[in-house]
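Here is what each chain is made of, one letter per residue.
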Amino acid sequence: MLEGRDGPAVQRAMDLLRRYGEALGAERLVDTNNVTGTIGATTPFMRDFASQRGGMDAIFSEFNLDSPEVVKVPKVKVFSSHLQQGIDPLHAERQGLSQEVVQLFRKGEAFSAGLGVQLMNTCTPYQVGNIPVKGEHCAWMESSAVIYCNSVLGARTNAEGRESSGAAMLTGKIPYWGYHLDENRYGTHLVELEIDVESTADWGLLGYYVGEIVQDRNPVLTGIKHVPNLPRLKHFGAAASSSGGVEMYHLVGITPEARTLEEAFGPRKPELTIRYGAAERRLAYERVNASARDSEIQFVMLGCPHYTIEQIWEVCRLLEGKRVREGVGLWIFTPRAIKQLADQNGYTKIIEDAGGFLMSDTCSAMARAVPKGTKVAAFDSVKQSHYLPAIMGIQGWFGSTAECVEAAVTGRWRGDLE
Amino acid sequence: MKPIFLRGRKVVGGVAEGEALVTRERISGWGGIDPRTGTIIETRHELKGQSFKGKVLVFPGAKGSSGWSAQFHLARLTGAAPLALLFNEMTTKIALGAVVMHAPALTEFDRDPLEVIETGDWVKVDADRGVVEITKKAQRRNAA
């Protein structure tokens, strides 16, 4: 492939993987048949780049292959899923985008589909048909999906980037390094829970606290009294990969490589033991809310990582018989396929009747989109609270889903740590 | 005082020199920097508001979103990327980011660059030979 017998795009892909593997110090590449990545071009910079340099092939060449020369991109070689995009084409106007941008998005979408990339358009491919099996070598991008893939599913991936996942789509190869190897998957830090962690918000706070301490190492958690479900682990992982760079964790007795404490640590000894009690929870809450001061809010954003159907249903029940306050935006984000399910279930209508919107394909942070005039926002996601205030220069409150829905209805933030 | 020398492993080859910008905190790419200006934007980061454009960036490593490489890739295209990278912790984010930035980069040093280099020091990076030459800020002032 490196010699060019499979064409210039595959040659460029192999050249990038060779340079990347050398930078890592990887000995070889490993075969993969499961890649998630992003090849869309909807940010202002990418849109200009596409229109000036020759469309989607030029975008893929530069941003997915690190090739200054524009190469014709062939169909992907292996199973490839598209992650979240930069806009929701059905809510473009509300997100402050022109029809011209929507046309570019559609062009990019047709390009991706033509290459054979599945248009899942979500940060949670594991919700909509891409669930790798234990031990499967993957090349996934999106930190919250990577940590879920390694920790909850027991499949093997590093946090790939836009360029490496693009190259993997065309070659079915990725450097054999990091989390592909047994020795790097064992626990490094022991986390002992001294309080009961049950709600989704609490799992988010726990992830934020642990991530900041262990950074990019592998925490092992003990003392879990309630087995968490998908939304809770989705929030935990997203938080831990935002405050630190956690790509793998173990929950003793729950996750697949941690049936026991001994299995989780393998030949290693914990480098550090961390206790998580009421004081640590309070500290995490204060850190997540570092940007927030004013109680009057203009925006409530839910669905980071993309909501499950269960979470949408929860919001519907909280909203029932209420109305979102005039001048406040309520935007909820979910994968496109789950949006369809919500449409069928009547949930989209319940949300819209209350004055909110169920959106798909993107999120506020990806789209850099908030309702006009937003100065203060509220989130039930630690990850969005960490990123969106920094990206948009706004204040952001973090709290439970119920507190967020109440804020959307009253226009005031009354959340507090119980 | 003579210049100080460090030796490390080549991540990306090339030669560059410039003023150092040093942080003991890891850096987020996506959501952590503005790739149009090279400014750190993370809310609680010690370098918040400062730009690495045209600097030799000395830091522990990368953290956060897997959009790390794409953000630094954009920074290269807008002319806001660092001149060179010196870091301690190897991750896929930083390896790929360094590769697509086309900037000389080194890691695995014989001495911790965070202990030796301060913001404002003049740093020559020869990644092909794996050598970093540091002239301390105080000396530069005396020379001027």
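These numbers were taken from a predicted model, which means no experiment stands behind them.

(A) The arrangement of the overall build of chain B in detail. Looking only at helices and strands, chain B features four helices and 12 strands. Taken against the 2.2 N^0.38 rule, which gives 15 Å for 144 residues, the C-alpha radius of gyration of chain B at 14 Å falls within 12% of a compact globule. Its C-alpha atoms give chain B principal-axis dimensions of roughly 40 × 30 × 25 Å. Summarising the internal contacts of chain B: among those between residues at least 6 apart in sequence, 75% fall at separations of at least 24.

(B) Main features of the interface of chain B and chain A. In this complex, chain B contributes 28 residues to the contact, which on the side of chain A involves 32 residues. Going through the elements one at a time, strand E2 (9-12), strand E8 (62-63), helix H1 (68-78) and helix H2 (92-101) of chain B are the ones with two or more residues in the side of chain B that touches chain A. Considering each element in turn, the side of chain B that touches chain A owes the most residues, seven residues, to H2(B). Considering only residue class, the side of chain B that touches chain A consists of 13 nonpolar, nine polar and six charged.

(C) Highlighting the packing of helix H2 (residues 44-53) of chain A against helix H3 (residues 55-65) of chain A. All names here are of chain A. Between H2 and H3, the shortest axis-to-axis distance is 7 Å and the interhelical angle comes to 115°. Handedness of the crossing formed by H2 with H3: right-handed. Across from Met-46, Phe-49, Ala-50 and Arg-53 in H2, the residues of H3 making contact are Gly-55, Met-56, Ala-58 and Ile-59. A class-by-class count of the residues in the contact of H2 with H3 yields six nonpolar, one polar and one charged.

(D) Representation of the nonpolar core. In terms of nonpolar packing, the biggest core is built from 175 residues, with A:Ile297, A:Val300, A:Ile332, A:Ala377, B:Ala95 and B:Ala98 touching the most fellow members. Top contributing element to this core by residue count: helix H1 (residues 8-24) of chain A, with nine residues. Sequence-distant contacts of A:Ile297, defined by excluding residues within four places in its chain, comprise A:Val328, A:Val376, A:Ala377, A:Ala378, A:Trp397, A:Ala407, A:Gly411, A:Arg412 and A:Trp413.

(E) A look at unusual backbone geometry. Residue and element names in this part refer to chain A. Backbone torsion omega between Cys-304 and Pro-305 reads -15°, so that peptide bond is classified as cis. As for its placement among the helices and strands, Pro-305 is situated in the loop between strand E9 (299-302) and helix H11 (309-319). Despite not being glycine, Arg-368 shows a phi value in the positive range, around 50°. Note that Arg-368 resides in the loop between helix H14 (364-367) and strand E12 (376-379).

(F) Main features of the domain arrangement of chain A. Residue and element names in this part refer to chain A. Per the domain assignment, the segments of chain A are domain 1 (8-180), domain 2 (186-288) and domain 3 (299-410). When each unit is reduced to the centre of its C-alpha atoms, the spacing between domain 1 and domain 2 is 28 Å. Of the residues contributing to the side of domain 1 that touches domain 2, the split by class is six nonpolar, seven polar and one charged.

(G) Region of interest: the sheet that holds strand E7 (residues 56-59) of chain B. Residues and elements named next belong to chain B. An order of E1-E12-E11-E3-E7-E9-E10-E2 is seen for the eight strands of this open sheet, with the pairing classed as mixed. Of all strands in the sheet, those bounded by a partner on one side alone are strand E1 (4-7) and E2. On average, adjacent strands in this sheet sit at an angle of 25° to one another, irrespective of strand direction. In this sheet, strand E9 (residues 84-87) lies alongside E7 in parallel orientation, the contact comprising four bridges. Across the sheet, the residue bridging to Val-58 is Leu-86, located in E9. Most of the contacts of H2 go to E2, to which it runs at about 65°, and overall it touches E2, E9 and strand E10 (105-107).

(H) Molecular detail of helix H16 (residues 401-410) of chain A. All names here are of chain A. With respect to burial, H16 is a largely interior element, seven of its 10 residues being buried. When we look at burial in H16, the residues that qualify are Thr-401, Glu-403, Cys-404, Val-405, Ala-407, Ala-408 and Val-409. A positive phi of about 80° marks Gly-411, the residue just after H16.

(I) Looking closely at the sheet that holds strand E7 (residues 250-251) of chain A. Residues and elements named next belong to chain A. A sheet is described by the order of its strands in space; here four strands give the open sequence E7-E6-E5-E8, paired in parallel fashion. Across the chains shown, the open sheet's two edge strands, defined by having one partner strand only, are E7 and strand E8 (272-276). Relative to E8, strand E5 (residues 189-193) runs parallel, the two being bridged by five bridges. Across the sheet, residue Leu-190 finds its bridge partner in E8, namely Thr-273. Against the sheet, helix H7 (residues 200-214) makes contact with E5, strand E6 (219-222) and E8, and its axis sits at roughly 155° relative to E8, the strand it touches most.

(J) Expanded view of the environment of A:Cys138. Relative to the elements of secondary structure, A:Cys138 occurs in the loop between helix H4 (99-115) and helix H5 (143-151). The class of A:Cys138 is buried, set by 27 C-beta atoms lying within 10 Å.

Reading the values: the criteria
All chains use their own residue numbering, which begins from 1 and follows the written sequence. Key to labels: chains lettered from A, ligands numbered from 1, both in the order written. Predicted model: local features are reported for residues with pLDDT of at least 70 only, side-chain atom pairs are reported and counted for 80 or more only, and whole-chain, interface and lining totals are derived from all residues. Labels follow the DSSP assignment, with helices taken as runs of H or I lasting at least four residues and strands as runs of E lasting at least two, numbered in each case from the N terminus. Every radius of gyration here is taken over C-alpha atoms, with the globule rule written as 2.2 Å times N^0.38, N being the number of residues. By the convention adopted here, residues make contact when the C-beta atoms placed from their backbones lie within 7 Å. Classification used: nonpolar for Ala, Val, Leu, Ile, Met, Phe, Trp, Tyr, Cys and Pro, charged for Asp, Glu, Lys and Arg, polar for all others including Gly. All axes here are fitted lines through C-alpha atoms, helices being fitted over the stretch that makes contact, and every angle between N-to-C directions spans 0 to 180 degrees. Crossings are sorted by hand: turned counterclockwise from the far helix by less than a right angle, the near helix makes the crossing left-handed, and turned clockwise it makes it right-handed. By our criterion, buried Ala, Val, Leu, Ile, Met, Phe, Trp, Tyr and Cys residues that link up through C-beta atoms within 7 Å make up a nonpolar core. Here the C-beta atoms are placed from the backbone, and a residue counts as buried if at least 20 other C-beta atoms lie within 10 Å of its own, exposed if 12 or fewer do, and partly exposed otherwise. Segment limits for the domains were obtained from an automatic or database-derived domain assignment. Each pair of strands is called paired provided DSSP finds at least two bridges between the two strands.

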